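Structure at a glance
In case you want the letters, here they are:
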Amino acid sequence: MAESKISPLAPAGFPNLLPVPGVEMGAMHAGFRKRERPDLLFAVFSEGSVAAGVFTRSKAPAAPVDWCRAALKKTGGKIRALVVNAGNANAFTGEKGMKAAIKSADVASGIVGCDPEEVLLCSTGVIGVPLNGDLFEKPLTRIHAGMSGAMWREAAGAIMTTDTYPKGCCRVATLEGRPVVISGITKGSGMIAPDMATMLGFVFTNAALTHNCLQKLLSSATDRSFNSITVDSDTSTNDTCIAVATGVGAGYEPIDDPDDPRLADFRAKFDELMIDLAQQIVKDGEGATKFVSITVEGAESNEAARTIAKSAANSPLVKTAIAGEDANWGRLVAAVGKSGEAAERDKLQIWIGGQHVAHKGAVHPRYNEEEATAHMKGQEIDIRIDVGVGSGVATVWTCDLTYDYIRINADYRS
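These lines cover the structure that appears in this document, whether it is placed above or below. Remember, predicted model here, so these are calculated numbers, not experimental data.

**A short note on the pairing of strand 6 (residues 167-175)**
For a regular strand, the rule is simple: side chains alternate between the two faces of the sheet. Here strand 6 runs beside strand 7 (residues 178-187); their pairing, made up of nine bridges, is antiparallel. Bridge pairing links Gly168 to Ile185 in strand 7. What sits between the antiparallel neighbours strand 6 and strand 7 is a turn of two residues, in which Glu176 has the positive phi angle 55 degrees.

**Some details on the pairing of strand 14 (residues 380-386)**
As paired strands, strand 10 (residues 291-299) and strand 14 are joined by seven bridges and run parallel to one another. Each bridged residue has a counterpart across the sheet, and for Val292 the counterpart in strand 14 is Ile381. Bridge analysis of strand 11 (residues 349-352) against strand 14 gives four bridges, and the strand direction is antiparallel. Bridging from a neighbouring strand, Trp351 pairs with Arg384 of strand 14.

**Focus: the packing of aromatic side chains**
This model, assessed by the stated rule, comprises four aromatic pairs. Ring geometry for Trp152 against Phe204: centres 5.9 Å apart, planes inclined by 35 degrees, an arrangement best described as tilted. Pair noted here: Trp152 is in helix 4 (residues 152-158) and Phe204 is in strand 8 (residues 200-205), with a separation of 52 residues, a long-range link. Assessed through its relative accessible area of 2%, Trp152 is described here as buried. On the basis of relative accessible area, Phe204 is assigned to the buried category, the value being 2%. One aromatic cluster is present, formed by Phe45, Trp152 and Phe204 through successive ring pairs. The positively charged end of Lys167 is found above the aromatic ring belonging to Tyr165, 4.6 Å away from the centroid. Here the basic side chain of Lys283 rests over the ring of Phe291, its NZ or CZ set 4.9 Å away from the ring centre.

**Brief notes about the sheet that holds strand 15 (residues 392-399)**
Pairing in this open sheet of six strands is mixed, and the strands run 13-12-11-14-10-15 from one edge to the other. With partners counted over all chains shown, the strands left at the sheet margins are strand 13 (362-363) and strand 15, one partner each. Relative to strand 12 (residues 355-359), strand 11 runs antiparallel, the two sharing three bridges. Counted as the bridge partner of Trp351 is His356 from strand 12.

**Brief notes about the sheet that holds strand 7**
The strand order across the open sheet formed by five strands is 3-9-8-7-6, and the pairing between neighbours is mixed. The open sheet terminates on both sides in strands that have one partner only, identified here as strand 3 (50-55) and strand 6. The average undirected angle you get between the axes of adjacent strands in this sheet is 15 degrees. Relative to strand 9 (residues 240-245), strand 8 is paired through six bridges, and the arrangement is parallel. Its bridge partner being in strand 9, Val203 is matched across the sheet by Ala243. Contacting strand 3 and strand 9, helix 1 (residues 63-75) runs over the sheet at an angle of about 135 degrees to strand 3. Docked against the sheet, helix 6 (residues 264-283) engages strand 6, strand 7, strand 8 and strand 9, running at close to 170 degrees with respect to strand 6.

The rules behind the values
Residues numbered from 1 in each chain as written. Predicted model: local features only at pLDDT ≥ 70, side-chain atom pairs only at ≥ 80, totals over all residues. Heavy atoms only, no water. Pairing = 2+ DSSP bridges. Helix = DSSP H or I, 4+ residues; strand = E, 2+ residues; numbered from the N terminus. Phe/Tyr/Trp six-rings, centres within 6.5 Å; stacked < 30°, edge-to-face > 60°. Buried < 20%, exposed > 50% of the residue type's maximum accessible area, 1.4 Å probe, protein only. Lys NZ or Arg CZ within 6 Å of the ring centre and 35° of its normal. Axes fitted to C-alpha atoms, helices over the stretch in contact; angles between N-to-C directions. Contact = heavy atoms within 4.5 Å.

See below:
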């Protein structure tokens, strides 16, 4: 498979991610992918750290997803290590796949000195290819020997598959009068229509939180971030987002209530970081040239609004019109109509780039096609739709659908 050119929507460079007290990591090439580039991430957390996770709702989950769900349930969220490999999804690999997962957890737990269930696992890559569990031992040992708290760029690069750039974000919140670091990385480019998670996402903080509190914060933030993006409407077998709270240097008892007023700034910064990471995935959508925001208003509920927005965001006709810089708003009408959610045809309104395009179920009398086309020629496309039946609101982020998406996926396994 040929290397993809860097997305035109990519940031100027990898952001400065601050070390998180209680977190060390490293990465290297272990042989899971054909090309000689890092494909194994190993992170270790201080004793007392807790984890939370959200996972794919796919009925064909990968072995690492099954492992993580069971491990978090058994330990009550205790975590000491995270192992992530790229190049092989370890999905639809049967008993061999789970044995390989168990082998990696056993190796990592032996290195760290913890129970295997305190090691969480993630894999990403090709589905249906057996994972070689013997590839973990020597690389994990080597990575552990050279870990640091500052290897964010290496970590983000090691989890990439068809991504064209590594993705990271950092925020500093104030909690109990002290600065608290939140640093996260993610990967994703294709097979992106997350359902309870992103392709892979990892967020670390030194806030002192209980597993219960962290889980609620993560689930809530995921709903507004990773579950509000789509590249191609395909939910992965491996979707996983894991958050870890070390509590190192906190000086206060772990907070159990996500609505605790002390968490106001932390929660805001946590949500900001998750949305930033999610939007980076869309900006690296396979073949993407445009970042698209679709906001739906006036729906029966917020969930209905999101369903309508995703109907438009996933429509090949809408996405190809955007790629062709064609302000074909009729395709937006069609997407609303097929969504299955309530909409009032004669109250339907559409805006493109702030211009009122459709009004009272017809084209707006002052609609200017040239103005709409000029907006479509930009890299950031803004669409707003009011369906006229209630007060539900939601925003979904997506990208255009170009010839390069087909080229990348037609050539994925070669």
